[in-house]
Amino acid sequence: PDHVVSTDVATTALLPENALPYVGRIDLAIDHHPSFERFGRENILRAEAAACGELMYDVIRQWGSVSQAVALPLYVAVSTDTGCFVYSNTSPATHAVAAALLETGIDFYPINRRHFRTRSFKRLKLEGMLTSGMEVLDEGKLAIVTLTLDMIAQVQAKEEDLDDISAFVGGVEGVHTGVTIRELRPGVCKISLRTEPGELNASAVCA
């Protein structure tokens, strides 16, 4: 029989809707979040890792070498999980894994350009709407933005236009804590909290 594996998911509440039928049937759960709830039959947690891709790399290396076909998505996992290696938990080990993946010969430039240097016009319009509606508190250290279904419909944005949009507010100068409230469906919202090192404990606040 096939085995069910989850990666980079701290709790089953964060699984996408198409994965909900697997709740209670996950054979192996691999994660790096301190809030990981160990919901798999077997679990791998490395809370000090900046990216779940670091764990995946180590698991795959136990079976042998890493091909380019495997190295490319792993590199995407590591680079996106670390915000292109800028988050505070990025470590020498993170860079070592990235270097090992690059040494396989993958073409990393198009990936980095797509994820970190390119924005669609729809995304830019949404960011403008978020900026105009931003609520700033605590002398500019706390900022809250709300992304509604109506805003998404106005610009006819697709899911790829919303990728990692919760990181947007944290990029505003002076903001130490960024809160993004996204409406998923009428009456249901998802709240994302991003904090600077030494500030609020995001996991504790969300709990």
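For the structure itself, consult the block above.
Structural notes, computed from the coordinates. Nothing here was measured: the structure is a model prediction, and the numbers come from that model.

Before going further, it helps to spend a moment on the side chain of Thr 94. Of note, Thr 94 is situated in helix H3 (residues 92-102). With a relative accessible area of 0%, Thr 94 lands in the buried category. Within the structure, the side chain of Thr 94 is placed 2.8 Å from the side chain of Glu 54, a separation counted as a polar contact. Apart from residues no more than four positions distant in its own chain, Thr 94 is found in contact with Ala 50, Glu 54, Val 78, Thr 82, Phe 85 and Asn 89.

By convention here, two paired aromatic rings are described through the distance between centres and the angle between planes. The full count for this structure, using the stated rule, is three aromatic pairs. On the basis of an interplanar angle of 45° and a centroid distance of 6.3 Å, the ring pair of Tyr 75 and Phe 85 is categorised as tilted. Here Tyr 75, found in helix H2 (residues 68-81), pairs with Phe 85, found in the loop between H2 and H3; they are ten residues apart in sequence, far enough to count as distant. Both residues of the pair, Tyr 75 and Phe 85, belong to the buried class. On the basis of an interplanar angle of 55° and a centroid distance of 6.4 Å, the ring pair of Tyr 75 and Phe 108 is categorised as tilted. Taken together, the residues Tyr 75 in helix H2 and Phe 108 in the loop between H3 and helix H4 (109-116) connect sequence positions 33 residues apart.

Inspection of the secondary structure assignment puts Thr 12 in the loop between strand E1 (5-7) and strand E2 (28-31). Judged by relative accessible area, which is 23%, Thr 12 ranks as partly exposed. Spatially, the C-alpha atoms of Thr 12 and Val 23 are 6.7 Å apart, while their sequence positions differ by eleven residues. The contacts of Thr 12, once residues within four sequence positions are left out, are Leu 20, Val 23 and Phe 39.

The phi torsion at Arg 38 lies on the positive side, around 50°, for a residue other than glycine. Along the chain, the position of Arg 38 falls in the loop between E2 and strand E3 (42-45). Here Asp 138, not a glycine, exhibits a phi torsion of approximately 50°, which is positive. Structurally, the position occupied by Asp 138 is in the loop between strand E4 (135-137) and strand E5 (142-147). Asp 138 gets classed as exposed once you look at its relative accessible area, which sits at 53%.

As a further point, take the state of the cysteines. Any covalent bond linking the sulfur atoms of two cysteines counts as a disulfide. Enumeration over the complete set of coordinates arrives at zero disulfides. The closest cysteine sulfur to the non-disulfide-bonded Cys 84 is located on Cys 52, 18 Å from its own sulfur. Just so you know, Cys 189 is unpaired, no disulfide at all, and the nearest cysteine sulfur is the one on Cys 206, 14 Å from it. Overall, Cys 189 belongs to the partly exposed group, its relative accessible area being 47%.

The next point concerns the sheet that holds E3. The strand order E1-E2-E3 describes an open sheet built from three strands, whose pairing is parallel. Both outer strands of the open sheet, E1 and E3, are each paired with one neighbouring strand and no more. The average angle at which neighbouring strand axes cross in this sheet is 10°, direction not considered. In this sheet, E2 lies alongside E1 in parallel orientation, the contact comprising three bridges. Bridging from a neighbouring strand, Ser 6 pairs with Ala 29 of E2. Across the face of the sheet, helix H1 (residues 52-61) comes into contact with E1, E2 and E3 while running at roughly 125° to E2.

Parameters and conventions
- Residues numbered from 1 in each chain as written.
- Predicted model: local features only at pLDDT ≥ 70, side-chain atom pairs only at ≥ 80, totals over all residues.
- Heavy atoms only, no water.
- Helix = DSSP H or I, 4+ residues; strand = E, 2+ residues; numbered from the N terminus.
- Buried < 20%, exposed > 50% of the residue type's maximum accessible area, 1.4 Å probe, protein only.
- Polar contact = N/O pair within 3.5 Å; in protein donor to acceptor, adjacent residues only side chain to side chain.
- Contact = heavy atoms within 4.5 Å.
- Phe/Tyr/Trp six-rings, centres within 6.5 Å; stacked < 30°, edge-to-face > 60°.
- Disulfide = S-S within 2.5 Å.
- Pairing = 2+ DSSP bridges.
- Axes fitted to C-alpha atoms, helices over the stretch in contact; angles between N-to-C directions.

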